[in-house]
Number of protein chains: 2
Amino acid sequence: MKIVLIGSGNIATHMGKAFMHTGHQIVQVYSRTLANAQALAKLLNSTGTDSLEAVVDHADLYLLAVSDAVIPEVAAQLPQELEGLVVHASGATHIDVLDKFRHAGVIYPIQTFSKSVDLELTETPFAVEAREPADTSTLITFMSAISNRVFEGSSEQRMAMHLAAVFANNFSNALFQVAYDLLAQHDLPFDLIRPIILQTAEKVQNNEPRAVQTGPASRNDQNTINKHLQFISSNPDWQSIYQKISDLIVKRKENNSEN
Amino acid sequence: MKIVLIGSGNIATHMGKAFMHTGHQIVQVYSRTLANAQALAKLLNSTGTDSLEAVVDHADLYLLAVSDAVIPEVAAQLPQELEGLVVHASGATHIDVLDKFRHAGVIYPIQTFSKSVDLELTETPFAVEAREPADTSTLITFMSAISNRVFEGSSEQRMAMHLAAVFANNFSNALFQVAYDLLAQHDLPFDLIRPIILQTAEKVQNNEPRAVQTGPASRNDQNTINKHLQFISSNPDWQSIYQKISDLIVKRKENNSEN
């Protein structure tokens, strides 16, 4: 397939590499910053442009890998006559945003991408959606060369997956940073907490999270909870997050025991 | 060393095994439930008791591995004349709670223990504290046979480590369960989110969390944030946690850019 990448960020980079490694040709890379377009294009044996009007019209697939916020604007500026499949990769964006194109779809990877962190996509789940069933089949076949875990998911299911990923990835990472800051305040290195972070992630690979929940809230140990809240009394944001998540754990336990 | 385990839960089990495997003798296991004491004692070639008065007085080390809430009560009931070192393993409990004993200390593992999940303790950090410097040395030497990462830490530092572990482990696990429930509501399996959970934990093994923070809040993408909040409008607890952690991420980014 001939592929045009619209965007030069984390997703465009990781997907572009995967497309190239599975034998496809990246015919063009667009970014509003020409240097970024050219840098990624160089990596992918392609050419860069900063003009949406200059995007070639003969590709088989156009991947819109830009920030969610600008997908509608970029879609509006692309030529309506594109023959190829136009897809975005956004979890929180409805397929309808691509309504003007003859062939529209979504390939949503449930994964976290950082430019600096290399990633094997084989085990990354991809939720695929297209307006036309024939296009769904095309996308499933196409993506199956990259990942073993390609499946069809509706726009609503994709929103649920995206939100689940935000809780499980973005938010837990934000809590890791709280741990980092807490340790730093007491002259302790983050290294102390790295093994438990890995162990926490490994535990839920074979268990439902609630089955391996531990900690003061899970024992409804209000004495320890109060000590903790007191310990971070100078940081109301941390206190409030501590209280809310502890309440959730306590409430969940109570609901379980009632069943 | 001759060791008495006070408690038969996750920590007593994992530590007891580690003590046995490094050549020590578990002379007794106490639990208020005799069957639990006997079950763990059997595993450790030891004998069980449910009477604190029956605890032998000639051991070198007494490990109080009971719930934080009952440590003071159990300490009060143990004979004052114990010659050996009496230690607890609690992150949130001050060493002072063992004041009545001649030799008092703490060995705090920064790790999450589940009975059903086997664990290699070699890389688990242990924060050690004792009232007397000689006892600190004894504990450091003793624990270094089990872990490569034994260090001295004050009661205040231990509280910081414990709280950091609560944020990084207990709370992120609670968020994994939110993800589980969200997916289940939309007929999607938790398996979809397991790779991203592992990737999130692996990313921070070599990075500061803030350096790999992604997601709508990290981009201050209020449009997506509002879509997400709308999507979980039937669950005010989830909404509130979503809002608090997103605010924290946004605020942190703003502080960074000001620097």
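Within each chain, residue numbers correspond to sequence positions counted from 1 in written order. By the order in which they are written, chains take letters starting at A while ligands take numbers starting at 1. Local features in this predicted model are restricted to residues whose pLDDT is 70 or higher, and side-chain atom pairs enter the listing and the counts only when it is 80 or higher, whereas totals over whole chains, interfaces and linings include all residues. Side-chain numbers come from the whole structure's heavy atoms, not from hydrogens or water.

## Here we look at the UniProt feature "domain: Pyrroline-5-carboxylate reductase catalytic N-terminal" (unreviewed entry) in chain A
This is how the line gets drawn: UniProt positions are given in the numbering used here, feature names are shortened, and annotations may be inferred rather than shown by experiment. In DSSP terms, a helix is any run of H or I states spanning at least four residues, a strand is any run of E spanning at least two, and both are numbered starting from the N terminus.
Listed under "domain: Pyrroline-5-carboxylate reductase catalytic N-terminal" (unreviewed entry) in the UniProt record, and renumbered for this structure, are residues 2–87 of chain A. In residues 2–87 of chain A, the share of helix is 34% and the share of strand is 23%. The end C-alpha atoms are 14 Å apart.

## Thoughts on the UniProt feature "domain: DUF2520" (unreviewed entry) in chain A
Sequence positions flagged by UniProt for "domain: DUF2520" (unreviewed entry) are, in local numbering, residues 124–247 of chain A. As annotated, residues 124–247 of chain A comprises 60% helix and 6% strand, and the C-alpha atoms at either end are separated by 33 Å.

## What about the packing of aromatic side chains?
To describe a pair of aromatic rings, one takes the distance between the centres and the angle between the planes. We count it as follows: Stacked, edge-to-face and tilted labels apply to pairs of Phe, Tyr and Trp rings (six-membered ring for Trp) whose centres lie within 6.5 Å, assigned for plane angles under 30 degrees, over 60, and everything in between, in that order. Think of it in three bands: residues with accessible area under 20% of the maximum for their type are buried, residues over 50% are exposed, and the middle band is partly exposed, with areas taken using a 1.4 Å probe on protein chains only.
For the structure on display, the rule yields 10 aromatic pairs over all chains. An angle of 75° between the planes, with centres 5.2 Å apart, marks the rings of Phe 167 of chain A and Phe 171 of chain A as edge-to-face. With Phe 167 of chain A and Phe 171 of chain A both in helix α5 (residues 155–185) and 4 residues apart, the pair spans about one turn of that helix. By relative accessible area, Phe 171 of chain A is classed as buried at 1%. For the pair Tyr 180 of chain A and Phe 190 of chain A, a centre-to-centre distance of 5.3 Å together with 45° between the ring planes defines the contact as tilted. Here Tyr 180 of chain A is found in helix α5, whereas its partner Phe 190 of chain A is found in the loop between α5 and α6 (194–203), with 10 residues between them in sequence. In textbook terms, an aromatic cluster arises when at least three aromatic residues are bridged by ring pairs, as seen for Phe 167 and Phe 171 of chain A together with Tyr 242 of chain B.

## Digging into the pattern of salt bridges
Basically, it comes down to this: The salt bridge criterion pairs a side-chain nitrogen of Lys or Arg with a carboxyl oxygen of Asp or Glu, the two atoms within 4 Å.
A complete count under the given rule lists 16 salt bridges over all chains for this structure. For Asp 181 of chain B, the salt bridge is made with Arg 210 of chain A, and the minimal N-O distance between the two is 3.5 Å. Of the two residues, Asp 181 of chain B is situated in helix α5 (residues 155–185) and Arg 210 of chain A in the loop between α6 and α7 (222–231); the pairing between them involves two chains. Here the salt bridges share partners, and the residues they tie into one network are Asp 181 of chain A together with Glu 208 and Arg 210 of chain B.

## Describing the environment of Pro 195 of chain A
As a reminder of what qualifies: When checking whether two residues touch, look at their non-hydrogen atoms; a contact exists if any pair is within 4.5 Å.
As for its placement among the helices and strands, Pro 195 of chain A is situated in helix α6. Given a relative accessible area of 17%, Pro 195 of chain A falls into the buried group. Residues Pro 195 of chain A and Arg 102 of chain A, spaced 93 residues apart in sequence, show a C-alpha to C-alpha distance of 50 Å. Setting aside its immediate chain neighbours within four residues, Pro 195 of chain A contacts Gln 111, Glu 123, Pro 125 and Arg 149 of chain B.

## Some points on the sheet that holds strand β1 (residues 2–6) of chain B
Note: strands within a sheet are paired through backbone hydrogen bonds, in either parallel or antiparallel orientation. All names here are of chain B. The line we're drawing: Here, any two strands with at least 2 DSSP bridges between them count as paired. Angles here are taken between N-to-C directions and fall from 0 to 180 degrees, while the axes themselves are lines fitted to C-alpha atoms, restricted in helices to the stretch in contact.
Pairing is mixed in the open sheet, where 8 strands are placed in the order β3-β2-β1-β4-β5-β6-β7-β8. Looking at strand neighbours, the two that pair on one side only are β3 (48–49) and β8 (150–152), the edges of this open sheet. Strand direction decides the pairing type here: β1 and strand β2 (residues 25–30), joined by 5 bridges, are parallel. Opposite Ile 6, over in β2, you have Tyr 30 as the bridge partner. Packing of helix α1 (residues 10–21) onto the sheet brings it into contact with β1, β2, β4 (61–64), β6 (103–109) and β7 (126–130), and relative to β1 it is tilted by some 170°.

## Considerations on the nonpolar core
The cut-off we apply is this: By convention a nonpolar core is built from buried Ala, Val, Leu, Ile, Met, Phe, Trp, Tyr and Cys residues, the set being connected through side-chain atoms within 4.5 Å.
If you look at the biggest cluster of nonpolar residues, it comprises 45 residues, and the most contacted ones within it are Met 161, Ile 193 and Ile 197 of chain A together with Ile 110, Met 161, Ile 193 and Ile 197 of chain B. When contributions to this core are tallied by element, the ones reaching two or more residues are β6 (103–109), α5 and α6 of chain A together with β6, α5 and α6 (194–203) of chain B. Aside from chain neighbours lying at most four places away, what touches Ile 110 of chain B is Leu 192, Ile 193 and Ile 196 of chain A together with Thr 124, Pro 125, Phe 151, Met 161 and Ala 165 of chain B. By size, the runner-up hydrophobic cluster in this structure holds 38 residues, among which are Val 166, Ile 225 and Val 250 of chain A together with Phe 171 of chain B.

## Re the packing of α5 of chain A against helix α7 (residues 222–231) of chain B
Inclusion rule: Roughly parallel means an angle under 35 degrees; roughly antiparallel, over 145; roughly perpendicular, 65 to 115; everything else is oblique. We call Asp, Glu, Lys and Arg charged. Ala, Val, Leu, Ile, Met, Phe, Trp, Tyr, Cys and Pro are nonpolar, and the rest, Gly among them, are polar.
At a minimum axis separation of 11 Å, α5 of chain A and α7 of chain B run at an interaxial angle of 105°. One finds that α5 of chain A runs roughly perpendicular with respect to α7 of chain B. Note on element contacts: α7 of chain B touches α5 of chain A through Thr 224, Lys 227, His 228 and Phe 231 of chain B, opposite Glu 156, Met 159, Ala 160, His 162, Leu 163 and Val 166 of chain A. Among the residues making up the contact of α5 of chain A with α7 of chain B, the classes are represented as 5 nonpolar, 3 polar and 2 charged.

## With respect to the interface of chain A and chain B
Put simply, an interface is often sized by how much accessible area is lost when its parts join up. Selection rule: Once two parts are put together, the accessible area they lose, assessed with a 1.4 Å probe and summed over both, is termed the buried area.
Taken together, the 90 residues of chain A in the interface contact 90 residues of chain B. For the pair chain A and chain B, the two sides together bury roughly 8800 Å², of which 66% comes from carbon and sulfur. A per-residue breakdown of the area chain A buries against chain B is headed by Phe 167, Phe 171 and Ile 196 of chain A, which together make up 7% of the total. There are 4 salt bridges connecting chain A and chain B. The closest approach of N and O atoms between Lys 251 of chain A and Asp 237 of chain B, which form a salt bridge, is 2.6 Å.

## Considerations on the sheet that holds strand β1 (residues 2–6) of chain A
Residue and element names in this part refer to chain A. What the 8 strands build is an open sheet, ordered β3-β2-β1-β4-β5-β6-β7-β8; its pairing is mixed. The open sheet has two edge strands, β3 (48–49) and β8 (150–152), and neither has a second partner. The sheet contacts of helix α1 (residues 10–21) involve β1, β2 (25–30), β4 (61–64), β6 and β7 (126–130), and relative to β1 the element is tilted by about 170°. Contacting β5 (85–88), β6, β7 and β8, α5 crosses the sheet at an angle of about 25° to β6.

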